[in-house]
Structures are given as C-alpha cells and as structure tokens.
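Architecture and fold: a report
Given next are the chains, with one letter for each unit.
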Amino acid sequence: MVNVTIFQKEGLKGKYISGFHCSGHAGFADYGKDVVCAGISALVLNTINSIEAFTEENFTCEVEEATGDVRFSLTDIPGEKASLLLDSLVLGVTGIQETYRRYITLNFREV
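All of the points below concern the structure found in this document. (Residues numbered from 1 in each chain as written. Predicted model: local features only at pLDDT ≥ 70, side-chain atom pairs only at ≥ 80, totals over all residues. Heavy atoms only, no water.)

Pairing in this open sheet of five strands is mixed, and the strands run β3-β4-β2-β1-β5 from one edge to the other. Sheet topology places β3 (59–64) and β5 (104–110) at the edges, where each strand pairs with a single neighbour. Taken over all neighbouring pairs, the strand axes of this sheet differ in orientation by 15° on average, direction set aside. The pairing of strand β1 (residues 2–11) with β5 spans seven bridges and is parallel. Bridged to I6 within β5 is F108. Helix-sheet contacts for helix α1 (residues 35–54) involve β1, β2 (14–23), β3, β4 (69–74) and β5, and the interaxial angle to β2 is about 130°. In the packing of helix α2 (residues 80–99) onto the sheet, the strands contacted are β1, β2, β4 and β5, and the crossing angle to β5 comes to about 140°. (Pairing = 2+ DSSP bridges. Helix = DSSP H or I, 4+ residues; strand = E, 2+ residues; numbered from the N terminus. Axes fitted to C-alpha atoms, helices over the stretch in contact; angles between N-to-C directions. Contact = heavy atoms within 4.5 Å.)

Before going further, it helps to examine the pairing of β3. Taken together, the six bridges between β3 and β4 define a ladder with antiparallel strand orientation. Opposite V63, over in β4, you have V70 as the bridge partner. Two successive antiparallel strands, β3 and β4, enclose a turn made up of four residues, where G68 displays a positive phi of approximately 80°.

What follows deals with the environment of G32. Structurally, the position occupied by G32 is in the loop between β2 and α1. Residues G32 and T94, 62 residues apart in the sequence, show an inter-C-alpha distance of 22 Å.

Below, the discussion takes up α1. Between its first and last C-alpha atoms α1 spans 27 Å; for 20 residues at 1.5 Å apiece the expected length is 28 Å, and the two agree. Along α1, the positions that sit buried rather than exposed are V36, C37, I40, V44, T47, I48, S50 and I51. Close packing links the buried residues of α1 with β1, β2, β3, β4, α2 and β5. The N-cap of α1, judged by a side-chain oxygen 3.1 Å from the amide nitrogen of V36 a few residues on, is D34. (Expected span 1.5 Å × (residues − 1). Buried < 20%, exposed > 50% of the residue type's maximum accessible area, 1.4 Å probe, protein only. Polar contact = N/O pair within 3.5 Å; in protein donor to acceptor, adjacent residues only side chain to side chain.)

Note: β1 against β2, nine bridges, orientation antiparallel. Residue pairing across strands places F7 opposite G19, the latter belonging to β2. In textbook terms, the turn of a hairpin is the stretch between consecutive antiparallel strands, and for β1 and β2 this stretch comprises two residues.

With that settled, the discussion passes to the layout of surface pockets. In this approach the atoms are scanned with a rolling probe the size of a water molecule, which exposes any empty space left behind. The calculated volume of the largest pocket comes to roughly 530 Å³. Among the elements of the structure, α1, β3 and β4 are those that each provide at least two residues to the lining of the largest pocket. Among the elements that make up the lining of the largest pocket, the one with the highest residue count is α1 (six residues). The residue inventory of the lining of the largest pocket, partitioned by class, reads 12 nonpolar, five polar and six charged. (1 Å grid on protein atoms, 1.4 Å probe; cavity = no way out; pocket = protein on both sides within 12 Å on 5 of 7 lines; lining within 4 Å. Points joined across faces, edges and corners; volume = space filled by probe spheres on them. Nonpolar A, V, L, I, M, F, W, Y, C, P; charged D, E, K, R; others polar.)

Below, the structure written as structure tokens:
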C-alpha cells in the first residue's frame, strides 16, 4: 500500500502545506505495470521538480528508491506558486485514492 502523509502548519494566514512523506508500493499489479504506483510517483516527482524549477523555495528532499520513500520539506512558509503546486499534488493523490482506495492512504498531519 502507498502511504502519503501531507504535513500542515498553522501560519498567520491559516494552514499551509509544509511538506509530505510518500512511502510503500501499491501492490496493484506487477512491477512495471502498477498504474497506482506510477501515478503517485509521477505526481510526487513532478511536484518536487516543479517547485525546484518554477519557484525560489528552499527545501530538503530525501529519496530511498529501494523502499519508495520520498520525504519533502519546505524550509520556510511557501509562496503562492509552491502552495499551488502542493495543492495540485493533494488534488491528484485524492483523485487516485478515490478510485484505488485499497491501494493508497492519504493522511494530513499537523506539524
């Protein structure tokens, strides 16, 4: 099962996403044919790459390819672009979860 945890903090303007942790493998299909893992991986990696390419945000990112673990954390309150990209990640993961509920969990955690 893929586990996605979205980290939220309380700021002056309300809650914001400060990072996320994605771990596990869906087990929907054999390696190389698992559309759930592929979809989540594409969303996660595109979010990270987009934040790096299109914003000035500072962040930390740790990837463990063998386990499928990805930890991403912004070092400061996100700007408008980064917030939009992180909201888009949540939208995409939520959409996949609605269809493949048995293979993915999505949690929100206040940090």
